[in-house]
Amino acid sequence: MIYTMPNMNSCKPLELTLNGVSLYERFNAKQQEHAGALIQIAENYSNKPKVKNAPLYSHLNGDYKALDKELVYHTNALYNHSLFSRILKPAELKIDIPSELKFSIKLFFNTFDKFIEEFYSKAVETEPEGWCWLVMNNGRLEIRVTGYTEPLIGEGIDPLLCLYIPAELNGKDYTELKKCYVNLFLQNIHWNEVNALYLQGVMNFQQKNVFRR
């Protein structure tokens, strides 16, 4: 399904509020929440009885298993939110897409506009809560959608950018707000940061292929 993007004049950052709270304030609060939880988990680990040669992810009993589950949950969420924050630029900053990244996007999506269109459509369709990503998968650029704490780090996968879709934006009453939110994100990507991640992904891919020879 292809969506018509709303006029940017109708999508002002200060208007993106839900129940009186800025969406960006919500994101910052979530990031701090996961960071605080990881600190607490680290303290809980340190307070457990020490066992000689036991690894950090020890499964000696149910308490350790519970801590491991929390650790994975908050680590994934914090990583996703941190990347999301990294690739957002200040609204007043003008950044052109670096040529090497733009060429690669055109190579895998035919045109840059088609990439924007596909990302926009998938982001708007994401529900109830999750992430829409541009990733490098073994040298190829792809758009993917994941759940809230589902990571993309894995064999041959390098995340380049991601957009958080909050659960509060789902439902027919918030359709236009969600479209404005996705559109604003696409207008405020820090392409230099994305390009740095892209170049790192290219290097990772090249090194992996060299070692395989």
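We now turn to the structure provided with this report. (Residues numbered from 1 in each chain as written. Predicted model: local features only at pLDDT ≥ 70, side-chain atom pairs only at ≥ 80, totals over all residues. Heavy atoms only, no water.)

**Observations concerning the overall build of the protein chain**
Argument step 1. Along the backbone of the protein chain there are six helices and five strands.
Argument step 2. Seen in sequence order, the protein chain has helices and strands lined up from the N terminus as β-β-α-α-α-α-β-β-β-α-α.
Argument step 3. Per-residue burial for the protein chain yields a buried fraction of 42% across its 213 residues.
Argument step 4. Looking at the protein chain alone, contacts between residues at least 24 apart form 70% of all its contacts between residues at least 6 apart.
Argument step 5. Approximately 12,100 Å² of the protein chain is accessible, and the part contributed by carbon and sulfur atoms is 53%. (Helix = DSSP H or I, 4+ residues; strand = E, 2+ residues; numbered from the N terminus. Buried < 20%, exposed > 50% of the residue type's maximum accessible area, 1.4 Å probe, protein only. Contact = heavy atoms within 4.5 Å. Areas by Shrake-Rupley, 256 points an atom, 1.4 Å probe, with all protein chains shown as cover.)

**Structural notes on helix H4 (residues 112-125)**
Argument step 1. Look at H4: 20 Å from first C-alpha to last across 14 residues, which is about the 20 Å you get at 1.5 Å a residue.
Argument step 2. Among the residues of H4, those classed as buried are Phe112, Phe115, Ile116, Phe119, Tyr120, Ser121, Ala123 and Val124. (Expected span 1.5 Å × (residues − 1).)

**Topic: the packing of aromatic side chains**
Two numbers describe a pair of aromatic rings. These are the distance of the centres and the angle of the planes.
Argument step 1. Taken as a whole, this structure holds 11 aromatic pairs when the rule is applied.
Argument step 2. With a centroid separation of 5.0 Å and 40 degrees between ring planes, the pair formed by Trp131 and Tyr164 is classed as tilted. One end of the pair, Trp131, is in strand S3 (residues 130-137); the other, Tyr164, is in strand S5 (residues 157-165), and 33 residues separate them in sequence. Taken individually, Trp131 and Tyr164 each receive the classification buried, so the pair is uniform in this respect.
Argument step 3. Taken together through their ring pairs, the aromatic side chains of Phe84, Phe109, Phe112, Phe115, Phe119, Trp131, Trp133, Tyr148, Tyr164, Phe185 and Trp191 make up a single cluster.
Argument step 4. A cation sits over an aromatic face here: Lys102 above Phe112, 5.9 Å from the ring centre. (Phe/Tyr/Trp six-rings, centres within 6.5 Å; stacked < 30°, edge-to-face > 60°. Lys NZ or Arg CZ within 6 Å of the ring centre and 35° of its normal.)

**A short note on the nonpolar core**
Argument step 1. By size, the foremost hydrophobic cluster in this structure holds 44 residues, and its most contacted members are Phe115, Phe119, Leu161, Leu163, Val182, Phe185 and Trp191.
Argument step 2. Broken down by secondary-structure element, the contributors of at least two residues to this core are helix H2 (62-86), helix H3 (99-109), H4, S3, strand S4 (140-147), S5, helix H5 (175-187) and helix H6 (191-212).
Argument step 3. Other than its neighbours up to four places away in sequence, Phe185 contacts Phe84, Ile87, Leu88, Phe119, Leu161, Cys162 and Leu163. (Core = buried A, V, L, I, M, F, W, Y, C linked by side-chain atoms within 4.5 Å.)

**Here's the deal with H5**
Argument step 1. Over its 13 residues, H5 runs 19 Å from end to end, which matches the ideal 18 Å to within 8%, given 1.5 Å per residue.
Argument step 2. Along H5, the positions that sit buried rather than exposed are Leu177, Lys178, Lys179, Cys180, Tyr181, Val182, Asn183, Leu184, Phe185 and Leu186.

**Overview of the packing of H3 against H4**
Argument step 1. Orientation of H3 relative to H4, taken along the N-to-C sense of each, is 70 degrees, at an axis distance of 8 Å. For the element pair H3 / H4, the angle class is roughly perpendicular. In contact with Lys102, Ile105, Lys106 and Phe109 of H3, H4 contributes Phe112, Lys114, Phe115 and Glu118.
Argument step 2. Tallied by class, the residues present in the contact of H3 with H4 amount to four nonpolar, no polar and four charged. (Axes fitted to C-alpha atoms, helices over the stretch in contact; angles between N-to-C directions. Parallel < 35°, antiparallel > 145°, perpendicular 65-115°, else oblique. Nonpolar A, V, L, I, M, F, W, Y, C, P; charged D, E, K, R; others polar.)

**Points about the pattern of salt bridges**
Argument step 1. With the rule as written, the count across this model stands at four salt bridges.
Argument step 2. For Glu118, the salt bridge goes to Lys122, with nearest N and O atoms at 3.6 Å. Within this pair, Glu118 and its partner Lys122 are both found in helix H4, separated by four residues, close to a single helical turn.
Argument step 3. Look at Glu118 and you get partly exposed, because its relative accessible area is 30%.
Argument step 4. In this structure, Glu142 and Arg144 form a salt bridge, with 3.1 Å as the shortest nitrogen-oxygen distance.
Argument step 5. The class for Arg144 is partly exposed, based on a relative accessible area of 27%. (Salt bridge = Lys/Arg side-chain N within 4 Å of Asp/Glu carboxyl O.)

**Notes on the packing of H4 against H5**
Argument step 1. Look at H4 against H5: their axes get within 10 Å of each other, and the N-to-C directions meet at 140 degrees. One element, H4, and the other, H5, form an angle in the oblique class. Helix-helix and strand crossings are classified by hand; for H4 and H5 the assignment is right-handed. In contact with Ile116, Phe119, Tyr120, Ala123, Val124 and Glu125 of H4, H5 contributes Lys178, Lys179, Val182, Asn183, Phe185 and Leu186.
Argument step 2. The class makeup of the residues in the contact of H4 with H5 is eight nonpolar, one polar and three charged. (Left-handed = near helix turned anticlockwise from the far one by under 90°.)

**Side note on the side chain of Asp158**
Argument step 1. Inspection of the secondary structure puts Asp158 in strand S5.
Argument step 2. On the basis of relative accessible area, Asp158 is assigned to the buried category, the value being 18%.
Argument step 3. Within polar-contact distance, the side chain of Asp158 engages the side chain of Asn204 at 3.0 Å.
Argument step 4. With residues up to four places along the chain from it excluded, the contact list for Asp158 reads Val135, Met136, Gly201 and Asn204. (Polar contact = N/O pair within 3.5 Å; in protein donor to acceptor, adjacent residues only side chain to side chain.)

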